Amino acid sequence: MIALAQMAEAVLRCADGREKTALSRRYAAEWQAARAAGETPEVGRASPPLHPARPATPELLSPRDVPRRRPGTPEGRIALLHAVAHIELNAVDLHWDIVARFTDTRLPMGFYDDWVKAADEESKHFNLMADCLEEMGSHYGALPAHAGMWRAAEDTADDLMGRLAVVPMVLEARGLDVTPGMIDVFRKAKADIAVAALETIYAEEVAHVAYGSKWFHFLCGRFDEDPKERFHALVRTYFHGDLKPPFNEEKRAEAGIPPDFYWPLTGTD
Ligand SMILES: [Fe+2]
Ligand SMILES: [Fe+2]
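Worth saying up front: this structure is predicted, and the values here are computed from it rather than measured.

## Here's the deal with the overall build of the protein
Here is step 1: Broken down by element type, the protein carries 10 helices and 2 strands.
Here is step 2: In the protein, the succession of helices and strands from N to C terminus is α-α-β-α-α-β-α-α-α-α-α-α.
Here is step 3: Since a compact globule built from 269 residues should have a radius of gyration of about 18 Å, the 18 Å found for the protein is in line with a globular shape.
Here is step 4: The C-alpha extent of the protein, read off along each of the three principal axes, is 50 × 50 × 30 Å.
Here is step 5: For the protein, buried positions account for 42% of its 269 residues.
Here is step 6: Residue pairs in contact within the protein that sit at least 24 positions apart in sequence constitute 81% of those at least 6 positions apart.

Quick look at the structure:
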(Lines give C-alpha, C1' and ligand atoms only; values in the text may rest on other atoms or scores of the structure.)
(Ligands and ions follow the chains in the order given, each with its own letter.)
Protein backbone atom coordinates (compact mmCIF):
# COMPACT_ATOMS: atom_id res chain seq x y z
CA MET A 1 0.00 0.00 0.00
CA ILE A 2 1.42 3.41 -0.97
CA ALA A 3 1.37 6.32 1.48
CA LEU A 4 -1.93 8.22 1.74
CA ALA A 5 -0.54 11.50 0.38
CA GLN A 6 0.67 9.61 -2.71
CA MET A 7 -2.78 8.11 -3.19
CA ALA A 8 -4.19 11.62 -3.00
CA GLU A 9 -1.73 12.92 -5.58
CA ALA A 10 -2.54 10.06 -7.97
CA VAL A 11 -6.26 10.88 -7.77
CA LEU A 12 -5.57 14.58 -8.35
CA ARG A 13 -3.46 13.78 -11.42
CA CYS A 14 -6.11 11.50 -12.97
CA ALA A 15 -8.19 13.46 -15.54
CA ASP A 16 -11.16 11.27 -16.47
CA GLY A 17 -14.16 11.50 -14.11
CA ARG A 18 -15.03 7.81 -13.99
CA GLU A 19 -11.35 6.80 -13.68
CA LYS A 20 -10.70 9.43 -11.02
CA THR A 21 -13.63 8.27 -8.90
CA ALA A 22 -12.75 4.57 -9.35
CA LEU A 23 -9.20 5.24 -8.18
CA SER A 24 -10.48 7.38 -5.32
CA ARG A 25 -12.84 4.64 -4.12
CA ARG A 26 -10.16 1.95 -4.42
CA TYR A 27 -7.66 3.96 -2.36
CA ALA A 28 -10.32 4.87 0.21
CA ALA A 29 -11.19 1.17 0.60
CA GLU A 30 -7.49 0.30 1.10
CA TRP A 31 -7.08 2.99 3.73
CA GLN A 32 -10.29 2.06 5.53
CA ALA A 33 -9.43 -1.66 5.53
CA ALA A 34 -6.04 -0.92 7.10
CA ARG A 35 -7.61 1.36 9.71
CA ALA A 36 -10.32 -1.21 10.50
CA ALA A 37 -7.54 -3.75 11.07
CA GLY A 38 -6.10 -1.45 13.73
CA GLU A 39 -3.17 -0.25 11.64
CA THR A 40 -1.70 3.24 11.47
CA PRO A 41 -0.81 3.48 7.79
CA GLU A 42 1.69 6.04 6.58
CA VAL A 43 0.39 9.46 5.53
CA GLY A 44 3.73 10.44 4.00
CA ARG A 45 4.25 13.35 1.66
CA ALA A 46 3.48 14.16 -1.95
CA SER A 47 3.54 17.01 -4.46
CA PRO A 48 -0.10 17.67 -5.25
CA PRO A 49 -0.54 19.76 -8.41
CA LEU A 50 -1.84 23.32 -7.94
CA HIS A 51 -4.70 22.39 -10.32
CA PRO A 52 -6.09 18.86 -10.53
CA ALA A 53 -6.17 17.10 -13.91
CA ARG A 54 -9.48 17.56 -15.71
CA PRO A 55 -11.10 15.80 -18.69
CA ALA A 56 -11.15 17.53 -22.13
CA THR A 57 -14.89 18.17 -21.66
CA PRO A 58 -16.86 19.85 -20.14
CA GLU A 59 -15.74 23.14 -21.55
CA LEU A 60 -15.12 25.45 -18.60
CA LEU A 61 -16.71 28.89 -18.84
CA SER A 62 -16.90 31.87 -16.55
CA PRO A 63 -20.14 31.56 -14.50
CA ARG A 64 -21.73 34.49 -16.32
CA ASP A 65 -21.24 32.72 -19.67
CA VAL A 66 -22.80 29.41 -18.61
CA PRO A 67 -26.28 29.38 -20.20
CA ARG A 68 -29.16 29.26 -17.71
CA ARG A 69 -31.94 26.79 -18.43
CA ARG A 70 -35.35 26.58 -16.82
CA PRO A 71 -35.67 23.71 -14.29
CA GLY A 72 -39.25 23.12 -15.54
CA THR A 73 -37.93 21.48 -18.71
CA PRO A 74 -36.05 18.20 -19.26
CA GLU A 75 -33.11 20.22 -20.65
CA GLY A 76 -33.15 22.35 -17.52
CA ARG A 77 -33.10 19.30 -15.28
CA ILE A 78 -30.20 17.80 -17.25
CA ALA A 79 -28.34 21.10 -16.83
CA LEU A 80 -28.98 21.00 -13.07
CA LEU A 81 -27.65 17.44 -12.72
CA HIS A 82 -24.68 18.33 -14.91
CA ALA A 83 -23.86 21.23 -12.61
CA VAL A 84 -24.07 18.96 -9.56
CA ALA A 85 -21.86 16.33 -11.25
CA HIS A 86 -19.28 19.05 -11.85
CA ILE A 87 -19.44 20.14 -8.20
CA GLU A 88 -19.05 16.54 -7.02
CA LEU A 89 -16.01 15.89 -9.22
CA ASN A 90 -14.44 19.05 -7.88
CA ALA A 91 -15.27 17.92 -4.34
CA VAL A 92 -13.43 14.60 -4.88
CA ASP A 93 -10.31 16.61 -5.68
CA LEU A 94 -10.88 19.08 -2.84
CA HIS A 95 -10.94 16.31 -0.23
CA TRP A 96 -7.88 14.52 -1.59
CA ASP A 97 -6.13 17.89 -1.84
CA ILE A 98 -6.64 18.66 1.86
CA VAL A 99 -5.10 15.23 2.61
CA ALA A 100 -1.99 15.85 0.49
CA ARG A 101 -1.51 19.62 0.82
CA PHE A 102 -1.02 20.08 4.58
CA THR A 103 1.18 17.15 5.60
CA ASP A 104 3.59 19.57 7.33
CA THR A 105 0.90 20.19 9.95
CA ARG A 106 0.75 17.55 12.67
CA LEU A 107 -2.76 16.14 12.69
CA PRO A 108 -4.47 13.16 14.32
CA MET A 109 -5.27 10.11 12.18
CA GLY A 110 -8.96 10.96 12.53
CA PHE A 111 -8.38 13.98 10.29
CA TYR A 112 -7.31 11.67 7.47
CA ASP A 113 -10.06 9.14 8.19
CA ASP A 114 -12.68 11.88 7.83
CA TRP A 115 -11.43 13.32 4.54
CA VAL A 116 -10.84 9.90 2.99
CA LYS A 117 -14.45 9.03 3.84
CA ALA A 118 -15.65 12.35 2.40
CA ALA A 119 -13.62 11.81 -0.80
CA ASP A 120 -15.08 8.32 -1.16
CA GLU A 121 -18.62 9.69 -0.78
CA GLU A 122 -18.02 12.48 -3.31
CA SER A 123 -16.80 9.82 -5.74
CA LYS A 124 -20.05 7.95 -5.23
CA HIS A 125 -21.98 11.21 -5.70
CA PHE A 126 -20.25 11.96 -9.00
CA ASN A 127 -21.08 8.49 -10.26
CA LEU A 128 -24.72 8.84 -9.17
CA MET A 129 -25.02 12.11 -11.09
CA ALA A 130 -23.18 10.73 -14.14
CA ASP A 131 -25.52 7.70 -14.10
CA CYS A 132 -28.60 9.97 -13.95
CA LEU A 133 -27.30 12.03 -16.87
CA GLU A 134 -26.69 8.90 -18.95
CA GLU A 135 -30.15 7.63 -18.05
CA MET A 136 -31.56 10.90 -19.46
CA GLY A 137 -29.57 10.57 -22.70
CA SER A 138 -26.79 12.98 -21.74
CA HIS A 139 -23.42 12.61 -20.03
CA TYR A 140 -20.94 14.52 -17.92
CA GLY A 141 -19.04 16.70 -20.37
CA ALA A 142 -21.99 17.31 -22.69
CA LEU A 143 -22.62 20.84 -21.37
CA PRO A 144 -20.32 23.68 -20.37
CA ALA A 145 -19.50 23.95 -16.67
CA HIS A 146 -18.31 26.63 -14.28
CA ALA A 147 -14.63 27.52 -14.41
CA GLY A 148 -13.14 28.81 -11.21
CA MET A 149 -14.41 26.05 -8.93
CA TRP A 150 -10.83 25.47 -7.87
CA ARG A 151 -10.33 29.10 -6.87
CA ALA A 152 -11.03 28.44 -3.19
CA ALA A 153 -8.43 25.68 -3.15
CA GLU A 154 -5.82 27.85 -4.83
CA ASP A 155 -6.47 30.79 -2.53
CA THR A 156 -6.08 28.61 0.57
CA ALA A 157 -3.23 26.39 -0.64
CA ASP A 158 -1.04 27.68 2.22
CA ASP A 159 -3.67 28.05 4.92
CA LEU A 160 -5.32 24.95 6.37
CA MET A 161 -7.67 26.91 8.61
CA GLY A 162 -8.66 29.08 5.65
CA ARG A 163 -9.30 25.94 3.62
CA LEU A 164 -11.53 24.48 6.33
CA ALA A 165 -13.41 27.76 6.75
CA VAL A 166 -14.09 28.29 3.05
CA VAL A 167 -14.47 24.80 1.57
CA PRO A 168 -16.49 22.64 3.97
CA MET A 169 -17.87 25.40 6.21
CA VAL A 170 -18.96 27.84 3.47
CA LEU A 171 -19.17 26.04 0.11
CA GLU A 172 -20.35 22.63 1.27
CA ALA A 173 -22.69 24.25 3.82
CA ARG A 174 -24.21 26.16 0.89
CA GLY A 175 -25.03 22.75 -0.60
CA LEU A 176 -27.18 22.02 2.46
CA ASP A 177 -29.12 25.25 1.79
CA VAL A 178 -29.90 24.57 -1.88
CA THR A 179 -30.28 20.79 -2.17
CA PRO A 180 -33.85 20.51 -0.75
CA GLY A 181 -35.12 22.90 -3.46
CA MET A 182 -33.36 20.82 -6.08
CA ILE A 183 -34.91 17.61 -4.76
CA ASP A 184 -38.34 19.28 -5.11
CA VAL A 185 -37.66 20.06 -8.78
CA PHE A 186 -37.03 16.37 -9.51
CA ARG A 187 -39.88 15.18 -7.30
CA LYS A 188 -42.32 17.38 -9.26
CA ALA A 189 -40.96 15.88 -12.49
CA LYS A 190 -41.38 12.37 -11.01
CA ALA A 191 -37.71 11.67 -11.69
CA ASP A 192 -37.40 9.07 -8.92
CA ILE A 193 -33.81 8.01 -9.61
CA ALA A 194 -32.57 11.60 -9.47
CA VAL A 195 -34.59 12.21 -6.28
CA ALA A 196 -33.00 9.17 -4.62
CA ALA A 197 -29.51 10.20 -5.74
CA LEU A 198 -29.93 13.76 -4.48
CA GLU A 199 -31.32 12.51 -1.17
CA THR A 200 -28.20 10.36 -0.70
CA ILE A 201 -26.04 13.38 -1.45
CA TYR A 202 -28.02 15.61 0.92
CA ALA A 203 -27.77 13.09 3.78
CA GLU A 204 -24.02 12.55 3.38
CA GLU A 205 -23.04 16.19 2.90
CA VAL A 206 -24.01 17.04 6.49
CA ALA A 207 -21.04 15.00 7.70
CA HIS A 208 -18.62 16.77 5.35
CA VAL A 209 -19.63 20.14 6.78
CA ALA A 210 -19.34 18.64 10.27
CA TYR A 211 -15.79 17.40 9.55
CA GLY A 212 -14.92 20.95 8.54
CA SER A 213 -16.34 22.40 11.73
CA LYS A 214 -14.71 19.69 13.88
CA TRP A 215 -11.18 20.21 12.53
CA PHE A 216 -11.57 23.98 12.39
CA HIS A 217 -12.46 24.03 16.10
CA PHE A 218 -9.66 21.57 16.83
CA LEU A 219 -7.08 23.91 15.29
CA CYS A 220 -8.59 26.96 17.02
CA GLY A 221 -8.10 25.07 20.28
CA ARG A 222 -4.50 24.27 19.43
CA PHE A 223 -3.72 27.93 18.70
CA ASP A 224 -5.97 29.34 21.45
CA GLU A 225 -8.08 31.32 19.00
CA ASP A 226 -11.75 32.31 19.21
CA PRO A 227 -13.44 30.13 16.55
CA LYS A 228 -16.17 32.59 15.53
CA GLU A 229 -13.80 35.54 15.16
CA ARG A 230 -11.23 33.47 13.30
CA PHE A 231 -13.91 32.08 10.99
CA HIS A 232 -15.17 35.57 10.13
CA ALA A 233 -11.66 36.84 9.44
CA LEU A 234 -10.76 33.87 7.23
CA VAL A 235 -13.98 33.96 5.20
CA ARG A 236 -13.54 37.71 4.64
CA THR A 237 -9.97 37.06 3.49
CA TYR A 238 -10.55 34.11 1.18
CA PHE A 239 -14.20 34.09 0.14
CA HIS A 240 -15.25 36.57 -2.51
CA GLY A 241 -18.68 38.03 -1.81
CA ASP A 242 -21.34 37.77 0.88
CA LEU A 243 -23.03 34.61 2.12
CA LYS A 244 -26.55 34.36 0.77
CA PRO A 245 -29.62 33.52 2.84
CA PRO A 246 -31.93 31.66 3.14
CA PHE A 247 -29.84 29.24 5.21
CA ASN A 248 -30.75 25.71 6.19
CA GLU A 249 -30.30 26.54 9.86
CA GLU A 250 -31.34 23.11 11.08
CA LYS A 251 -28.85 21.14 8.97
CA ARG A 252 -26.14 23.71 9.58
CA ALA A 253 -26.70 23.31 13.32
CA GLU A 254 -26.52 19.52 12.93
CA ALA A 255 -23.17 20.04 11.18
CA GLY A 256 -21.83 22.21 14.02
CA ILE A 257 -22.17 25.64 12.39
CA PRO A 258 -24.17 28.03 14.60
CA PRO A 259 -26.06 31.05 13.19
CA ASP A 260 -23.59 33.59 14.61
CA PHE A 261 -20.94 32.09 12.31
CA TYR A 262 -22.76 32.85 9.05
CA TRP A 263 -25.32 35.63 9.59
CA PRO A 264 -22.69 38.34 10.18
CA LEU A 265 -21.19 37.46 6.75
CA THR A 266 -24.35 38.16 4.75
CA GLY A 267 -23.52 41.83 4.34
CA THR A 268 -27.01 42.78 5.53
CA ASP A 269 -26.32 43.83 9.08
FE1 LIG B 1 -21.02 15.42 -2.56
FE1 LIG C 1 -19.21 17.05 0.27
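## Considerations on the packing of helix 1 (residues 4–12) against helix 2 (residues 17–36)
Here is step 1: Packing of helix 1 against helix 2 leaves a shortest axis separation of 9 Å and a crossing angle of 170°. Between helix 1 and helix 2, the angle is such that the two are roughly antiparallel. From helix 1, Leu4, Met7, Ala10 and Val11 reach across to helix 2, where they touch Lys20, Leu23, Ser24, Tyr27 and Trp31.
Here is step 2: Broken down by class, the residue content of the contact of helix 1 with helix 2 amounts to 7 nonpolar, 1 polar and 1 charged.

## With respect to the nonpolar core
Here is step 1: Ala8, Ala85, Val99, Trp115, Met129, Ala165 and Met169 are the most contacted members of the largest nonpolar core, which totals 73 residues.
Here is step 2: Residue contributions to this core peak at 14 residues, all from helix 3 (residues 74–101).

## So, unusual backbone geometry
Here is step 1: Of note, the bond from Thr57 into Pro58 is cis; its omega dihedral lies within 30 degrees of zero at 5°.
Here is step 2: Position of Pro58 among the secondary structure elements: in the loop between helix 2 and strand 1 (60–61).
Here is step 3: Looking along the chain, the bond that leaves Pro245 and enters Pro246 is cis, with omega of 5°.
Here is step 4: By the element assignment, Pro246 lies in the loop between helix 8 (227–238) and helix 9 (249–254).
Here is step 5: Of note, Asp224 is a non-glycine position whose phi angle comes to about 55°, a positive value.

## Quick word on the environment of Pro48
Here is step 1: Relative to the helices and strands, Pro48 is located in the loop between helix 2 and strand 1.
Here is step 2: Since 25 C-beta atoms lie within 10 Å of it, Pro48 is described here as buried.
Here is step 3: C-alpha separation for the pair Pro48 and Trp96, spaced 48 residues apart in sequence, amounts to 9.2 Å.
Here is step 4: With sequence-adjacent residues up to four places away left out, Pro48 is seen in contact with Ala8, Glu9, Leu12, Asp97, Ala100 and Arg101.

## Considering the environment of Thr266
Here is step 1: Within the secondary structure, Thr266 sits in the segment after helix 10 (259–262).
Here is step 2: The class for Thr266 is exposed, based on 12 C-beta atoms found within 10 Å.
Here is step 3: Considered as a pair, Thr266 and Ala153 are 113 residues apart in the sequence and their alpha carbons are 22 Å apart.
Here is step 4: In contact with Thr266, not counting residues within four places along its chain, are Asp242, Leu243 and Pro245.

## Things to note about the packing of helix 2 against helix 4 (residues 109–135)
Here is step 1: The N-to-C vectors of helix 2 and helix 4 enclose an angle of 145°; their axes lie 9 Å apart at closest approach. Seen along the crossing, helix 2 lies across helix 4 with a hand that is left-handed. The segment helix 2 lies against helix 4, with Gly17, Arg18, Thr21, Ser24, Arg25, Ala28, Trp31, Gln32 and Arg35 engaging Asp113, Val116, Ala119, Asp120, Ser123, Phe126, Asn127 and Ala130.
Here is step 2: In the contact of helix 2 with helix 4, the residues fall into 6 nonpolar, 6 polar and 5 charged.

## Some thoughts on helix 8
Here is step 1: Across its 12 residues, helix 8 extends 16 Å between first and last C-alpha, which sits within 8% of the 16 Å expected from 1.5 Å per residue.
Here is step 2: Within helix 8, burial applies to Phe231, Leu234, Val235 and Tyr238. Within helix 8, the buried residues cover an arc of 100° as seen down the axis, which keeps them to one side. For helix 8, the exposed residues lying more than 90 degrees away from the buried face are Glu229 and Arg236.
Here is step 3: Where helix 8 is buried, its residues contact helix 5 (151–155), helix 6 (160–188), helix 7 (192–222) and helix 10.

Each value, and the rule that gives it
Each chain carries its own residue numbering, running from 1 in the direction its sequence is written. Each chain is given a letter, starting from A, and each ligand a number, starting from 1, according to the order in which they appear as written. Only residues with pLDDT of at least 70 get local features here, since the model is predicted, and only at 80 or more are side-chain atom pairs given and counted; chain-wide, interface and lining totals rely on the full set of residues. In this text, helices come from DSSP runs of H or I with a minimum length of four residues, and strands from runs of E with a minimum of two, each type numbered from the N-terminal end. The reference for a compact globule is 2.2 Å times residues^0.38; the radius of gyration itself is calculated from the C-alpha atoms. The exposure scheme places C-beta atoms from the backbone and then counts, for each residue, the other C-beta atoms within 10 Å of its own, assigning buried at 20 or more, exposed at 12 or fewer, and partly exposed in between. Contacts here follow a simple rule: the backbone-placed C-beta atoms of the two residues must lie within 7 Å. Angles shown run from 0 to 180 degrees and are taken between the N-to-C directions of axes, each axis being a line fitted to C-alpha atoms and, for helices, limited to the stretch in contact. Orientation categories follow fixed angle ranges, with anything under 35 degrees roughly parallel, anything over 145 roughly antiparallel, 65 to 115 roughly perpendicular, and all other angles oblique. Gly is put with the polar residues, along with every residue not named as nonpolar or charged; the nonpolar set is Ala, Val, Leu, Ile, Met, Phe, Trp, Tyr, Cys and Pro, and the charged set is Asp, Glu, Lys and Arg. To form a nonpolar core, buried Ala, Val, Leu, Ile, Met, Phe, Trp, Tyr and Cys residues must be joined through C-beta atoms within 7 Å. Crossing handedness is defined as follows: a turn of the near helix away from the far one that is anticlockwise and smaller than a right angle gives a left-handed crossing, while the clockwise case is right-handed. One fewer than the residue count of a helix, multiplied by 1.5 Å, yields its expected span. Working definition: the arc comes from the directions between the helix axis and the C-beta atoms, pointing outward to the latter.

Geometric values such as these leave the question of function open.
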